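Here is what each chain is made of, one letter per residue.
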Amino acid sequence: MCSLCGILGGNEHWADAVARPGAYTRNVERIDRRRERAGRVRIANRVLSAFGLSLTDWQGSSYLLSTRTGKTEIVEDLGHLWPAAERLSGRALDPLDPPFLERMEAYHG
Amino acid sequence: MAEPAIPAMTPVNLITGFLGSGKTTLLKRLLADPALHDTAVLINEFGEVGLDHHLLERLDDTMVLLQSGCLCCTIRGDLADALRDLLSKRERGLVPPFRRVVIESTGLADPFPVLSTLKSDPVLRHHFKAATVITTLDAVNGIRQLETYGESVRQAAIADVIVLTKTDIAEESDVLRLTEDVRRFNPDAPIVAASETLGADRLLNGPARETAGGFYCEPVPDGNALSQHASSIQSFVMTIDTTIDWTAFGIWMTMLLNRHGDRILRVKGILNVEGEAFPVAIHGVQYLVHVPVHMTSWPSADRRSRIVFIVDGIEPALIERSFVAFNGLGVSSPAARQVEEA
């Protein structure tokens, strides 16, 4: 465990693989990695807000997924995020759902 | 005493194919190859009588029989246990030090759970890696099976290599039609006839999904519905003119596969990721995506991203619209760069 950034274990989800060198490697480029996570949380929240959910980074190693009433789950990576989000919100989160897409499209005109 | 080095990640091949399509015959042939003397074999039996088992000549201590039915729901745990057991025995020297595992799945199974077991089991994922999936397809009955049984289509769609069996007793026109059918939902897997000399190395080791060589992105022919029974399965290529925001892509793809993974038989793509000089190749099977690969060059002058989807009953336009909406959320957007066409 790195005492500076609080990372215990590694994340092996495919989306955590190197998109840019260093972005998701644990031992180098810590700042890049943090920046990437912050960007992920920001984008995920745009999506999750449509379902009354929000995501925050937890110690640079996991995420906290919460409902508006405070029900919270820890999720490890994007692979776990969506099943947890469906469980917490009690509905299917479908990225192909036209009304949902209209909402996403409204973000960027 | 020098022992052959055991690979850090033991490759696991899956042989799948419909009932009676010649999986065991193929396995038997492959195992006769001296190069495979250090292979452990797992057989998944269907039904109480292990016919396949009795047909196999090579049974040794490293063979574990998975006892019941279909891999989809009930056997996954068994498969994980069997592989863990093999691993443990190898470490303790109770079985010969195998360097490869071959799993023969039941003819009625969707082969996906085998791959998912390798990826998701907390122990197995550090010791085993999915190697090629080999699908046997019966040249005599294959067309009818593809039309009638969804499992058969899934088995062919997931394949890295397709072996056509019984071509010696099939009409040539049937073989041609079958090949055309298969190409519509598996555009790039090599199709070899079992009557050819089958190099074990070629089947089990290649084509490597880690390399860019032969990356397929040809336009899919029109009228790509299979038949009226299986017409919901189609492949299409999504071509993207802007760079891709990797973070947004990860969120989009995971959300898409979470909800529709059972209907997205395969995803394979070459992505022009914002901030990267060279493309990133992705390869997914249903709910599972392999670790993306950084390629060291572009396969052609075309710098656009291309993603091949093989889907069952999903409207291609909707996937495209969804992708664009998500990519627009990325850090690099809305100023995502236009990339040059060839």
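Structure first, text after, so check above.
All values derive from a computational prediction rather than experimental measurement.

## Some points on the overall build of chain A
- Tallying secondary structure elements over chain A gives 3 helices and 3 strands in all.
- The order of helices and strands in chain A, counted from the N terminus, is α-β-β-β-α-α.
- Looking at the 109 residues of chain A, the share that counts as buried comes to 28%.
- Long-range contacts, defined here as pairs at least 24 residues apart, represent 29% of the contacts in chain A between residues at least 6 apart.

## Quick look at the environment of His290(B)
- Residue position: His290(B) is located in the loop between strand 11 (288-289) and strand 12 (293-294).
- The spatial distance from the C-alpha of His290(B) to the C-alpha of Gly17(B) is 22 Å, given a sequence separation of 273 residues.

## Examining the interface of chain B and chain A
- Taken together, the contact between chain B and chain A spans 33 residues of the former and 29 residues of the latter.
- Secondary structure elements with two or more residues in the side of chain B that touches chain A: helix 9 (246-260) and helix 10 (316-327) of chain B.
- Its residues assigned to classes, the side of chain B that touches chain A comprises 17 nonpolar, 12 polar and 4 charged.

## Some words on helix 1 (residues 23-31) of chain B
- Listed in full, the buried residues belonging to helix 1 of chain B are Lys23(B), Thr24(B), Leu26(B), Leu27(B) and Leu30(B). The arc that holds every buried residue of helix 1 of chain B, seen down its axis, measures 160°, which confines them to one face.

## Here we look at the nonpolar core
Residues and elements named next belong to chain B.
- Membership of the largest hydrophobic core comes to 99 residues, with the highest contact counts inside it found for Val101, Ala156, Ile162, Ile251 and Trp252.
- If one sorts the elements of this core by residue count, helix 9 sits on top with 9 residues.
- Structurally, this core is a two-domain feature, drawing no fewer than three residues from each of domain 1 (10-205) and domain 2 (233-327).
- Once residues lying within four places of it in the same chain are set aside, the contact partners of Val101 are Thr10, Val12, Thr39, Ala40, Leu42, Leu86 and Phe128.

## What to know about the packing of helix 9 of chain B against helix 10 of chain B
Residues and elements named next belong to chain B.
- Close contact between helix 9 and helix 10 brings their axes to 9 Å; oriented N to C, the two are set at 145°. In the packing of helix 9 onto helix 10, the handedness of the crossing is right-handed. Counted together, Ala248, Phe249, Ile251, Trp252 and Leu256 of helix 9 and Ser322, Phe323, Phe326 and Asn327 of helix 10 form the full contact between these two elements.

## Let's talk about the pairing of strand 6 (residues 161-165) of chain B
Residue and element names in this part refer to chain B.
- Of all 5 residues in strand 6, 5 are buried, a share of seventy percent or more.
- Here strand 6 shows a buried face lined by Val161, Val163 and Thr165 and a second buried face lined by Ile162 and Leu164.
- One ladder, built from 5 bridges, connects strand 5 (residues 128-138) with strand 6; its direction is parallel. Looking across to strand 6, one finds that Thr135 is bridged to Ile162.
- Handedness of the strand 6-helix 7 (residues 172-185)-strand 7 (residues 191-193) crossover: right-handed.

## Quick notes on the pairing of strand 2 (residues 62-67) of chain A
Residue and element names in this part refer to chain A.
- Pairing of strand 1 (residues 53-58) with strand 2 involves 6 bridges; the strand directions are antiparallel. What sits directly across from Leu53, in strand 2, is Thr67.
- In sequence, strand 1 turns back onto strand 2 through a hairpin of 3 residues, with Gln59 there showing a positive phi of about 60°.
- Pairing of strand 2 with strand 3 (residues 72-75) involves 4 bridges; the strand directions are antiparallel. In the strand pairing of strand 3, Tyr63 is matched with Val75.
- Here strand 2 folds back onto strand 3, and the loop between the two strands holds 4 residues, one of which, Gly70, carries a positive phi near 95°.

Each value, and the rule that gives it
Residues numbered from 1 in each chain as written. Chains lettered and ligands numbered in written order. Predicted model: local features only at pLDDT ≥ 70, side-chain atom pairs only at ≥ 80, totals over all residues. Helix = DSSP H or I, 4+ residues; strand = E, 2+ residues; numbered from the N terminus. Buried ≥ 20, exposed ≤ 12 C-beta atoms within 10 Å, placed from the backbone. Contact = placed C-beta atoms within 7 Å. Nonpolar A, V, L, I, M, F, W, Y, C, P; charged D, E, K, R; others polar. Arc of directions from axis to C-beta. Core = buried A, V, L, I, M, F, W, Y, C linked by C-beta atoms within 7 Å. Domains from an automatic or database assignment. Axes fitted to C-alpha atoms, helices over the stretch in contact; angles between N-to-C directions. Left-handed = near helix turned anticlockwise from the far one by under 90°. Pairing = 2+ DSSP bridges. Right-handed = clockwise from strand over helix to strand, strands pointing away.

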